[in-house]
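# Breakdown of the fold
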Amino acid sequence: MGLRLNSYYAIYDWLGNSRRRYLAIRVARALGMRHLLVRLDTNFLCNLKCKTCYFSGPRIKEMLRAPMTEERFRVVAARVFPSTRILFLSCGGEPLMTKDFATFLDIASEYRVPYVGFITNALLFRKETVAAVMRNRVNEIIVSVDGASAKTYEYIRQGGRFDVLLEKLQMLMEARGQARLPDLRFNFTITRTNFRETVEIVEMARRFGISTIKFRHFTDWGGQFAFRDESLKGYEREFNRLLDATLSKAREYGIKVFAPEPFGHAGETKMKAKVRTVEELIDTTPRPPCIMPWYHLYVDPEGLTRPCAFLPLGFESLFDRTLSEIESGAENSARRRALLRDPRGSCLVTGCSGQILRRANDDSDYLAQYDESGRVNESLGRFTPGDGASPES
């Protein structure tokens, strides 16, 4: 486990359009090379009820899933990890809620997966888990923070304690010492409550040796926060000024930042009219095929799979069937044929909420098109785990 994720992004960008990427993945598969990006939830639980997340919402009881056992994790590992190039050991749940998570890191290491990372709130780190991170040379730990002060952090991330977060970050920094790995990243969801702390989060990142920060706009996943209350409508100019200051401070400290474009960057003439549902923002223009069904795999704690985080879970489990049997099944085969031969009628054009989420994360103007009474969650909500995607990953 030694490569950095940015190296894979660079190769992906170098390949250019989707057809070249598709051909590269087909060649890798034919040669028996690792080609999969796998997101694996070993549980669907959390120790927090963040107001930006479905774990604070009314649907959460029906979504909870118990941790995967070591025996079942070994089954998934044997069937998937030999083909895996990038492995995230979390997607929608808190991985440290899995009692055997340190053992799972040891098992992943046995398969020499080139890149292993996970997303966590960090509050449940124990010395033995940190030791497993270090001995297995985990590539990246992504810590969700959403606040640079105790008041803001504890208001948004209900059940969390800011002093414990700082203690765990200190533990990670000291364990890593002068080692190159793991890379440490902050995820920060921008809301009306916390957007004035973006500069301070850069200062906090410098203090704990964080190399990367990813800022994203809040979208309503069915938690306690509603979009109309936490969007930056009316605060656009102040946000733009703070974004400039944040990026400047990050450059000064050598911290890499992924952040949305400022409000107004596209010019008023390129803005669409206000809309009330996210379906109205889906771009139905035909485009090169989406290649996620050829290289991406999500696995839930019960072994159920899907090739895309924005599709419903399949009914076939990796505990019952091999990866090859699932991939060659009728439903997956039909989806791939549609993407290659008839993109106008494929899931990419008819209902891809993934394109909405990606645009919402990266483009302030895109979110500004929502009517303030609208709920992004009306479309995205039906895809949340155990049905779908994650606000964190």
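Going along each chain's sequence as written, the residues are numbered from 1 onward. The predicted origin of the model limits local features to residues at a pLDDT of at least 70 and limits the giving and counting of side-chain atom pairs to 80 or more, whereas totals for whole chains, interfaces and linings rest on all residues. Hydrogen atoms and water are omitted, and side-chain values are computed over all heavy atoms in the structure.

### Some thoughts on the sheet that holds strand 4 (residues 115-120)
Whether parallel or antiparallel, the strands of a sheet pair through hydrogen bonds between backbone atoms. Here is the rule we go by: Whether two strands pair depends on DSSP finding at least two bridges between them. In this description a helix means any DSSP run of H or I spanning at least four residues, a strand means any run of E spanning at least two, and both kinds are numbered starting from the N terminus. Should any heavy atoms of two residues lie within 4.5 Å, those residues are considered in contact. Only the stretch in contact is used when a helix axis is fitted, and all axes are lines through C-alpha atoms; the angle between N-to-C directions ranges over 0 to 180 degrees.
Taking strand neighbours across the sheet as the criterion, the nine strands line up as 9-8-7-5-4-3-1-10-11 in an open arrangement whose pairing is mixed. In the strand order of this sheet, the two ends are held by strand 9 (256-258) and strand 11 (305-306), each with one partner. With four bridges joining them, strand 1 (residues 36-40) and strand 10 (residues 296-299) adopt parallel strand pairing. Residue pairing in the sheet places L40 in a bridge with V299 of strand 10. Strands strand 1, strand 3 (84-88) and strand 10 of the sheet are contacted by helix 4 (residues 70-80), whose axis makes an angle of about 170° with strand 1.

### Some details on the pairing of strand 5 (residues 140-144)
This is how it is decided: Categorising residues by exposure relies on relative accessible area from a 1.4 Å probe, with only protein chains included: less than 20% of the type maximum marks a residue as buried, more than 50% marks it as exposed, and the intermediate range marks it as partly exposed. Orient the strands so they point away from the viewer, and a crossover whose first-strand-to-second-strand path over the helix runs clockwise is right-handed.
Within strand 5, five of the five residues are buried, which leaves it mostly tucked inside the rest of the structure. Note: strand 4 against strand 5, four bridges, orientation parallel. Following the sheet pairing, T120 is matched in strand 5 by V143. Traced from strand 4 through helix 6 (residues 127-135) to strand 5, the parallel crossover comes out right-handed.

### Structural notes on helix 9 (residues 198-207)
All of the buried residues in helix 9 are T198, V199, I201, V202, M204 and A205. Turning to helix 9, the residues buried within the fold contact helix 8 (162-176), strand 7 (183-190), strand 8 (212-217) and helix 11 (236-253). In the segment just after helix 9, G209 is the residue with positive phi, at about 70°.

### Focus on the packing of helix 4 against helix 5 (residues 101-110)
What counts, and what does not: Roughly parallel covers angles under 35 degrees, roughly antiparallel covers those over 145, roughly perpendicular covers 65 to 115, and oblique covers all other angles. Helix crossings get a hand from a simple test, with the near helix turned counterclockwise from the far one by less than a right angle marking a left-handed crossing and a clockwise turn marking a right-handed one. For this classification, Asp, Glu, Lys and Arg are treated as charged, while Ala, Val, Leu, Ile, Met, Phe, Trp, Tyr, Cys and Pro are nonpolar and the rest, including Gly, are polar.
Two numbers describe how helix 4 lies on helix 5: the axes approach to 11 Å, and their chain directions differ by 25°. Taken together, the axes of helix 4 and helix 5 are roughly parallel relative to one another. Along this stretch, helix 4 crosses helix 5, giving a crossing that reads as right-handed. When helix 4 is examined against helix 5, the residues E70, F73, R74 and A77 are found in contact with a partner set consisting of T103, F104, I107 and E110. Along the lines of polarity and charge, the residues of the contact of helix 4 with helix 5 split into four nonpolar, one polar and three charged.

### Observations concerning a nonpolar patch on the surface
Put simply, the test is: Every patch collects residues that have over 30% relative accessible area and no salt bridge, joining them within 9 Å if they carry like charges and within 5 Å if they are nonpolar side chains (Val, Leu, Ile, Met, Phe, Trp, Tyr). Note on areas: Shrake-Rupley with a 1.4 Å probe; residue coverage comes only from the protein chains shown. For this analysis, a salt bridge means a side-chain nitrogen from Lys or Arg found within 4 Å of a carboxyl oxygen belonging to Asp or Glu.
On the surface, a cluster of nonpolar side chains totalling about 290 Å² of accessible area is made up of V27, L31 and M33. Inspection of the secondary structure assignment puts V27 in helix 2 (residues 18-30). Taking the relative accessible area as the measure of exposure, V27 reaches 48% and is therefore partly exposed.

### A word on the pattern of salt bridges
With the rule as written, the count across this model stands at 13 salt bridges. Of the charged contacts, one joins E302 and R65 as a salt bridge, the two residues approaching to 3.8 Å between their closest N and O atoms. You can see E302 sitting in the loop between strand 10 and strand 11 and its partner R65 sitting in the loop between helix 3 (60-63) and helix 4, a full 237 residues away along the chain. Notably, a salt bridge pairs E70 with R74, separated by 3.2 Å at the nearest N-O pair. One end of the pair, E70, and the other, R74, are both in helix 4, four residues apart, so they sit about a helical turn from each other.

### Some thoughts on the side chain of N194
The condition is simple: Side-chain atoms alone can form a polar contact between residues adjacent in sequence; in general such a contact is a pair of N or O atoms within 3.5 Å, and within protein one must be able to donate a hydrogen while the other accepts it.
Relative to the elements of secondary structure, N194 occurs in the loop between strand 7 and helix 9. Residue classification places N194 among the buried residues on the basis of a relative accessible area of 0%. Within the structure, the side chain of N194 is placed 3.1 Å from the backbone oxygen of D146, a separation counted as a polar contact.

### Regarding the environment of D220
Mapped onto the secondary structure, D220 falls in the loop between strand 8 and helix 10 (227-230). Counting along the chain gives 167 residues from D220 to C53, while the straight-line C-alpha distance between them is 7.8 Å.

### A few points about the confidence of the model for the protein
Using the following cut-off: For every residue, the predictor states its confidence as a pLDDT score lying anywhere from 0 to 100.
Residue-level pLDDT values for the protein average 83, and 76% of them are 70 or greater. Per-residue pLDDT stays below 50 along residues 268-273; that stretch engages in seven contacts with residues further than four places along the chain or on separate chains. Below pLDDT 50 for its whole length, residues 371-389 participates in 65 contacts with residues either more than four positions away or in separate chains.

### What to know about the packing of aromatic side chains
Note the cut-off: Aromatic pairs are defined between Phe, Tyr and Trp rings, using the six-membered ring for Trp, whenever the two ring centres lie within 6.5 Å; interplanar angles under 30 degrees are classed as stacked, those over 60 as edge-to-face, and all others as tilted. Each ring is checked for a lysine NZ or an arginine CZ that lies within 6 Å of its centre and within 35 degrees of its normal; such an atom marks a charge sitting over the ring.
In the structure shown here, the tally under the stated rule is 15 aromatic pairs. Measuring from centroid to centroid gives 5.5 Å for Y54 and F55, while their planes differ by 50°, and the two rings are tilted. Given a relative accessible area of 3%, Y54 falls into the buried group. What makes F55 buried here is its relative accessible area of 6%. Centre to centre, the rings of F101 and F118 are 5.0 Å apart; their planes meet at 80°, and the pair counts as edge-to-face. Linking F101 in helix 5 with F118 in strand 4, this pair joins segments that are 17 residues apart in sequence. Summarising the burial analysis for this pair, F101 and F118 share the class buried. Within the aromatic cluster, the residues linked to one another by ring pairs are F73, F81, F104 and Y111. Sitting over the face of the ring of Y155, K51 holds its NZ or CZ atom 3.5 Å from the ring centroid.

### Comments concerning the nonpolar core
To keep it simple, the criterion reads: By convention a nonpolar core is built from buried Ala, Val, Leu, Ile, Met, Phe, Trp, Tyr and Cys residues, the set being connected through side-chain atoms within 4.5 Å.
In this structure, L40, L165, F186 and I201 are the most contacted members of the largest nonpolar core, which totals 93 residues. For this core, the element with the highest residue contribution is helix 8, accounting for seven residues. Beyond its immediate stretch of four places on either side in the chain, I201 contacts V145, G147, A148, F186, F188, I213 and F215.

### Description of the packing of helix 5 against helix 6
Viewed as axis vectors pointing N to C, helix 5 and helix 6 meet at an angle of 10°, and their least axial separation amounts to 9 Å. Here helix 5 lies roughly parallel to helix 6, going by the angle between them. Here F101, A102, L105 and D106 of helix 5 lie close against helix 6, whose contacting residues are E128, T129, A132, V133 and R135. Each residue belonging to the contact of helix 5 with helix 6 can be placed in one class, and the counts come to five nonpolar, one polar and three charged.

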